[in-house]
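In case you want the letters, here they are:
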Amino acid sequence: FGSRVQAAFFVMPQLQLFRSHIGFRKAEGLRLLLPSPVDETVAVMHVKTLVFDDDVLLTGANMSDEYFTSRQDRYVTFSQNTDFADYCAAMVNAIASHGDEIALSDAQSAGAEDWKLAAKRRAEGVGAAMKELVADIRLLQESCSEAAVRAPVDTWVIPSVTLPGYLEQNETVLFAMLRHVEASQRAQHKMDSSRPARARVTMASAYMNLPNALVERLNDLSERGAQVELITADEQSHGFSGATGVKGIIPGLYEKLLENLVKLLHADVRLRRWRVEDWVFHGKGLWISFPGTNPASEKERRTSSNHEAPLDEGVNVSIVTSSNFGFRSFYRDLEAQVLVLTENAELQERLSQEVARLVGNSNSRTKVDTRTTPTTIVHTILASILQRVL
């Protein structure tokens, strides 16, 4: 396709700083000690954003073969939205501009030494480059915000980015929304302390390894009366289930981390394990229903109080993200997401149906069953050591 196609490798700043500190040649040699996918424990560019003219597709999928056949992920399209499409395209271009461009048109003549030299120069100025990237992203978001106020709407789409060490917008947005849920529960309790209406928070992650601060916030919501549920992969639907070699130990590590998480969760927080025969779960996202969106009848509210039946409430808020809400997403990887706030009844219903489908393919658990994926003392030790890189 010649000049119509551009490609770039974005090297995470942690890896670039590593190169600059120990010397580029030594760093290249150490790559033998960190073969793929072990090198991903350091940091990865985890953004998944696709733009087609004025349409945007946001997803958590990596778009390899299995995502088109047997991997459950989330795909959300934003159609005919020029401003948002312009922002997403510019964000991708900004990230690419700070990466190592691949000369596709004359790939045969592009030597490995030329690429290494460019990478070495980039590593030497990584701090300034990342600050420049953050400035570019902030400027794009300001432009997007200015465009958004031009007309009255019933749905807002608010983009954010996390580049650990330089920009932590995703976490700021997530915790702000959870604080808002807590404030809503306090208000509901004041109006009817005997039986306050309950907000519902559903969080899905393929790799449930939540930071302590997030666990504490979810527990607080549960104690305030909100219905909180977590959806993750069943042992047989895990992304690394059946893997061999180094990858073979990963499912056991996540089972151990999940076992530890269950011990920390408030008793009323519901854990669900997604499973469809021969499919892998890779979905991620957040859905929030505030009381009063579509008020349920008293009978329906009583039915829903057992945590099994979904509440008859539309989803007002959703986060569409590349993040798994885990340690990696908070502290290591480059992630992008959008916060969707909507008053549109049709969209609220469609988001509610999305949650219902996930719940419909999930089993409720109160504890982790390690009979299918046994954990050993090795898993216990490694999970403790590696928790911040998984």
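Being a predicted model, the structure only gives us computed values, none of them experimental.

## Observations regarding the overall build of the protein
- Assigned secondary structure in the protein consists of 12 helices and 16 strands.
- For the protein, the residues scored as buried account for 46% of the 390 residues in total.
- Put simply, 79% of the contacts in the protein that link residues at least 6 apart link residues at least 24 apart.
- Approximately 19,700 Å² of the protein is accessible, and the part contributed by carbon and sulfur atoms is 52%.

## Description of the pattern of salt bridges
- What the rule picks out here adds up to 11 salt bridges.
- Linking Glu255 and Arg273 is a salt bridge whose minimum nitrogen-to-oxygen distance equals 2.7 Å. One end of the pair, Glu255, is in helix α8 (residues 250–264); the other, Arg273, is in strand β11 (residues 270–274), and 18 residues separate them in sequence. Neither residue differs from the other here; Glu255 and Arg273 are each classed as buried.
- Each of Glu182, Arg186, Arg217 and Arg224 takes part in a single network of salt bridges with overlapping partners.

## Some details on helix α7 (residues 212–223)
- Taking 1.5 Å per residue as the helical rise, α7 with its 12 residues ought to reach 16 Å, and the 16 Å between its terminal C-alpha atoms agrees with that figure.
- For α7, the set of buried residues is Leu214, Val215, Arg217, Leu218, Asn219, Leu221 and Ser222.
- At its buried positions, α7 is contacted by α6 (169–191), β9 (200–204), β10 (227–233), α8 and α10 (327–331).
- One or two residues past the end of α7 sits Gly225, with phi positive at roughly 110 degrees.

## Notes on the packing of aromatic side chains
- One pass over the structure, following the stated rule, counts 8 aromatic pairs.
- Taken together, a centroid distance of 5.2 Å and an interplanar angle of 40 degrees make the contact between Tyr207 and Tyr254 tilted. In this pair, Tyr207 is assigned in the loop between β9 and α7 and Tyr254 in helix α8, connecting sequence segments 47 residues apart.
- Residue classification places Tyr254 among the buried residues on the basis of a relative accessible area of 9%.
- An aromatic cluster is defined as three or more aromatic residues linked by ring pairs; in this entry it consists of Phe175, Phe327, Phe330 and Tyr331.
- Between the NZ or CZ atom of Arg388 and the centre of the ring of Tyr331, over which it lies, the distance is 4.6 Å.

## Quick notes on the confidence of the model for the protein
- Looking at the protein as a whole, its pLDDT mean stands at 84, while 79% of the residues score no less than 70.
- Under a pLDDT of 50 for its full length, residues 295–311 has, in the predicted model, 31 contacts with residues more than four places off or in other chains.

## What about the sheet that holds strand β3 (residues 55–59)?
- Within the open sheet, the 3 strands sit side by side as β2-β3-β5. Their pairing is antiparallel. The sheet is open, and its two borders are formed by β2 (49–52) and β5 (75–78), each paired with just one other strand. With strand direction ignored, the average angle separating the axes of adjacent strands in the sheet is 20 degrees.
- Of the pairings in the sheet, the one linking β2 to β3 comprises 4 bridges and is antiparallel in character. For Leu50, the partnering residue across the bridge sits in β3 and is Leu57.
- Along the sheet, helix α3 (residues 82–97) makes contact with β2, β3 and β5, crossing β2 at roughly 125 degrees.

## Comments concerning the nonpolar core
- Counting 32 residues, the largest nonpolar core has Leu174, Leu210, Leu214 and Leu230 as its most contacted members.
- Among the secondary structure elements, those contributing two or more residues to this core are α6, β9, α7, β10, α8, β13 (285–289) and β14 (317–321).
- The contact partners of Leu214, leaving out residues within four places of it in the chain, are Leu174, Phe175, Leu178, Met203, Phe325 and Phe330.
- With 30 residues, the next largest nonpolar core counts Tyr87, Met91, Val126 and Met130 among its residues.

## Describing unusual backbone geometry
- Backbone geometry places Asp278, a non-glycine residue, at a positive phi of 70 degrees.
- With respect to the element layout, Asp278 can be found in the loop between β11 and β12 (280–281).
- Positive phi, normally seen in glycine, also occurs at Phe325, with a value near 65 degrees.

## So, a nonpolar patch on the surface
- On the surface, a nonpolar cluster with roughly 400 Å² of combined accessible area is contributed by Ile377, Val378, Ile381 and Ile385.
- Among the secondary structure elements, Ile377 is positioned in helix α12 (residues 377–386).
- Classification of Ile377 by relative accessible area gives exposed; the value is 59%.

Thresholds applied
Residues numbered from 1 in each chain as written. Predicted model: local features only at pLDDT ≥ 70, side-chain atom pairs only at ≥ 80, totals over all residues. Heavy atoms only, no water. Helix = DSSP H or I, 4+ residues; strand = E, 2+ residues; numbered from the N terminus. Buried < 20%, exposed > 50% of the residue type's maximum accessible area, 1.4 Å probe, protein only. Contact = heavy atoms within 4.5 Å. Areas by Shrake-Rupley, 256 points an atom, 1.4 Å probe, with all protein chains shown as cover. Salt bridge = Lys/Arg side-chain N within 4 Å of Asp/Glu carboxyl O. Expected span 1.5 Å × (residues − 1). Phe/Tyr/Trp six-rings, centres within 6.5 Å; stacked < 30°, edge-to-face > 60°. Lys NZ or Arg CZ within 6 Å of the ring centre and 35° of its normal. pLDDT = per-residue confidence, 0-100. Pairing = 2+ DSSP bridges. Axes fitted to C-alpha atoms, helices over the stretch in contact; angles between N-to-C directions. Core = buried A, V, L, I, M, F, W, Y, C linked by side-chain atoms within 4.5 Å. Patch = residues over 30% accessible without salt bridge, like charges linked within 9 Å, V, L, I, M, F, W, Y side chains within 5 Å.

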